[in-house]
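Residue-level structural notes
In case you want the letters, here they are:
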Amino acid sequence: MSVNLSIHSNIRDYEVYMEQSPDFVDALASYPQACFAIDENVWRIYAGTLLKNLPEKDIIVVPISEDRKNLNTVQELYDRLVERPAKRNLTLISIGGGILQDVSGFAASTIYRGINWIYVPTTLLAQADSCIGSKTSLNYKKYKNLIGTFFPPAHIHIYPAFLATQLDSDFYSGFGEVIKLHLMGGDKSFRELVQYAPEVLKRETTALLRAIQQSLNVKLSYMAGDEFDTGRRNLLNYGHDFGHALESTSDFAVPHGQAVIFGMLAANLISKKRGLLDEKVEREIAETFLVPSMVIKPSLKALEIDAMVSAMKKDKKRTGDKLALIMMTNDFNFKRVNDLTSDEVAEALVMLQKHLLS
Ligand SMILES: NC(=O)c1ccc[n+]([C@@H]2O[C@H](COP(=O)([O-])OP(=O)(O)OC[C@H]3O[C@@H](n4cnc5c(N)ncnc54)[C@H](O)[C@@H]3O)[C@@H](O)[C@H]2O)c1
Ligand SMILES: [Zn+2]
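Residues numbered from 1 in each chain as written. Chains lettered and ligands numbered in written order. Predicted model: local features only at pLDDT ≥ 70, side-chain atom pairs only at ≥ 80, totals over all residues. Heavy atoms only, no water.

A word on the pairing of strand β2 (residues 14-18). Alternating positions in β2 separate cleanly, Tyr14, Val16 and Met18 being buried on one face and Glu15 and Tyr17 remaining unburied on the opposite face. Where strand β1 (residues 5-7) and β2 come together, three bridges link them in antiparallel fashion. In the strand pairing of β2, Ser6 is matched with Glu15. Two strands pair when backbone bridges link them, and β2 and strand β9 (residues 155-158) are joined in this way by four bridges, in the parallel orientation. Residue pairing in the sheet places Met18 in a bridge with Ile158 of β9. (Buried < 20%, exposed > 50% of the residue type's maximum accessible area, 1.4 Å probe, protein only. Helix = DSSP H or I, 4+ residues; strand = E, 2+ residues; numbered from the N terminus. Pairing = 2+ DSSP bridges.)

Within the protein, the zinc ion (ligand 2) binds to Glu177 (OE), His240 (NE2) and His256 (NE2); these donor distances fall in the range 2.0 to 2.1 Å. If you list the donors of the zinc ion (ligand 2) from N- to C-terminus, the spacing comes out as E-x62-H-x15-H. Residue Glu177 is located in helix α6 (residues 168-184), and its partner His256 is located in helix α10 (residues 256-273); the two are separated by 79 residues in the primary sequence. (Donors = N, O, S within 2.8 Å, 3.2 Å for Na, K, Ca; no water.)

All right, on to the domain arrangement of the protein chain then. Domains assigned within the protein chain are domain 1 (5-165) and domain 2 (168-357). Between the C-alpha centres of domain 1 and domain 2 the distance comes to 26 Å. The interface is formed by 30 residues belonging to domain 1 together with 30 residues belonging to domain 2. Summed over both partners, the interface of domain 1 with domain 2 buries about 2,700 Å², with 69% contributed by carbon and sulfur atoms. For the interface between domain 1 and domain 2, the tally reads two salt bridges. The shortest N-O distance in the salt bridge between Asp129 and Lys219 comes to 2.9 Å. The interface formed by domain 1 and domain 2 holds eight residue pairs in polar contact (both at pLDDT 80 or more) in total. Among the elements of the structure, β1, β2, α5 (124-130), β7 (135-140) and β8 (143-150) are those that each provide at least two residues to the side of domain 1 that touches domain 2. At six residues, the largest contribution of residues to the side of domain 1 that touches domain 2 is made by α5. For the side of domain 1 that touches domain 2, the per-class residue count stands at 16 nonpolar, 10 polar and four charged. (Domains from an automatic or database assignment. Contact = heavy atoms within 4.5 Å. Buried area = accessible area lost by both parts, 1.4 Å probe. Salt bridge = Lys/Arg side-chain N within 4 Å of Asp/Glu carboxyl O. Polar contact = N/O pair within 3.5 Å; in protein donor to acceptor, adjacent residues only side chain to side chain. Nonpolar A, V, L, I, M, F, W, Y, C, P; charged D, E, K, R; others polar.)

Going through the model one piece at a time under the given rule, you end up with 19 salt bridges. Arg191 is the partner of Glu284 in a salt bridge, and the nearest nitrogen-oxygen pair spans 2.6 Å. Of this pair, Glu284 sits in helix α11 (residues 279-293) while Arg191 sits in helix α7 (residues 187-201), placing them 93 residues apart in sequence. Residue Glu284 is classed as partly exposed on the basis of its relative accessible area, which comes to 28%. Between Lys272 and Glu282 there is a salt bridge, and its shortest N-O distance comes to 3.4 Å. Placement of the pair is Lys272 in helix α10 and Glu282 in helix α11, with a sequence separation of 10 residues. The structure contains a network of salt bridges with shared partners spanning Glu66, Lys69, Asp102, Lys144 and Glu247.

On to the sheet that holds strand β4 (residues 59-62). In space, the seven strands of this open sheet follow the order β1-β2-β9-β6-β5-β3-β4, with mixed pairing throughout. The two strands at the open ends of the sheet, each matched to only one other strand, are β1 and β4. Put simply, the sheet's adjacent strands are angled 15° from each other on average, direction ignored. Bridging between strand β3 (residues 34-39) and β4 involves four bridges; their strand directions are parallel. For Asp39, the partnering residue across the bridge sits in β4 and is Val62. In the packing of helix α8 (residues 205-223) onto the sheet, the strands contacted are β1, β2 and β9, and the crossing angle to β2 comes to about 160°. (Axes fitted to C-alpha atoms, helices over the stretch in contact; angles between N-to-C directions.)

Right, let's get into unusual backbone geometry. In this structure, Phe252 is a non-glycine residue whose phi angle is positive, near 65°. Note on Phe252: relative accessible area 28%, which makes it partly exposed. Unlike most non-glycine residues, Asp331 shows phi in positive territory, near 65°. You can see Asp331 is positioned in the loop between β10 (323-329) and β11 (333-340).

Taken together, 24 residues form the shell around ligand 1, and within it Asp39, Asn41, Gly98, Thr123 and Thr165 come nearest. In this structure, a nitrogen atom belonging to ligand 1 sits 2.8 Å away from a side-chain N or O atom of Asp102. A distance of 2.8 Å separates a nitrogen atom of ligand 1 from a polar side-chain atom of Thr122. Contact with the protein chains hides 90% of the accessible area of ligand 1, taken as 870 Å² for the molecule alone. Counting residues per element, the ones that place at least two in the shell around ligand 1 are α2 (40-46), α4 (98-110), α5 and β8. Per element, the largest residue contribution to the shell around ligand 1 is four residues, and it comes from α4. (Near = heavy atom within 4 Å. Areas by Shrake-Rupley, 256 points an atom, 1.4 Å probe, with all protein chains shown as cover.)

The subject of this paragraph is the side chain of His240. Examined against the element boundaries, His240 turns out to sit in helix α9 (residues 240-249). Its relative accessible area of 7% is what places His240 among the buried residues. Polar contacts involving the side chain of His240 include one to the side chain of Glu177, which spans 3.4 Å.

Our next topic: the pairing of β3. Of all six residues in β3, six are buried, a share of seventy percent or more. Both faces of β3 are covered, namely the face carrying Ala34, Phe36 and Ile38 and the face carrying Cys35, Ala37 and Asp39. Pairing of β3 with strand β5 (residues 91-96) involves five bridges; the strand directions are parallel. Paired with Ala37 across the strands is Ser94, a residue of β5. One crossover worth recording links β3 to the parallel β4 by way of α2, and it is right-handed. (Right-handed = clockwise from strand over helix to strand, strands pointing away.)

Structure below.
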């Protein structure tokens, strides 16, 4: 059963539609004053099928990669948008993964101080995680997600059929965030994912819809009352302390959600070492999900201790001298500590180097 979501936001309330058929694309095709920003790969795959009725003159095809998630690409979009007759009444309809969402969402939130924005996520990561939460983020020089705005799309259309064509490495990247959100949903949510993960990995529609809905619901539960990320929402960065560092030390060779899996492994090891997470649970989570889902293994170079520690020090959410870490503790609780030492990081890295690279 799929249920649409109405999300309350301090910026503006918005709707998530779980689409069962491709008809919504035809409705978008005749949206007034609209312009489409489409991920280049998505356009290449779907131009002759799902997206064939979109008006070609209104389409901007955007080549995307993590090193194009920056202000230059936003400017390319501005250049195309300002040429259009519609100004503040323009609607931007974005179709693509998380990178396209971030770049086009930033453009939509800033041009003319914000225009109407509709988003159709086409990757598992974007459907199950990034599409909600109002954040748009750009990389700046070597810094990941340093620039951004809070700006939710007015409508989000989730159509899992898009996921059939995702590369395995990207699909598994999204699965990393799905695992994270199911762990954060508690024991029951984790056990349920253990049951239906095989169908999710076969990309069966019913299982995908279930995993996506559960993930979005958990994310919403952590965002409640903290849309602007000053408190509890920060716990959603579980797996991201080491994860962001690994994205940077691997020059983005390890995709976001895959790096988050690594981050959860490392955080759980540290939590276990501190006596906060039962060894049996730590091992069960690592063995059922985390290790088997790491289909892109980091190179030894990306796991060098000094490089990782210095990348972790660049985390924009860090306060004070020591490192921060979000940890899972017993009973599927989560907490942030601000006293992580470089020695603890080094110890976890050495264990993971042995475990993952041998
Ligand atoms: N704004 C947020 O709240 C938020 C949250 C989490 C992650 N993110 C960001 O999202 C980005 C990762 O997003 P992603 O995992 O969706 O990756 P992505 O956008 O890089 O897409 C992965 C690849 O899949 C291709 N693709 C997209 N849809 C496809 C489809 N249906 N079939 C075949 N190929 C397809 C893309 O062209 C790209 O090559 C990161 O930059 C991350 O920082 C943002
Ligand atoms: Zn993430």
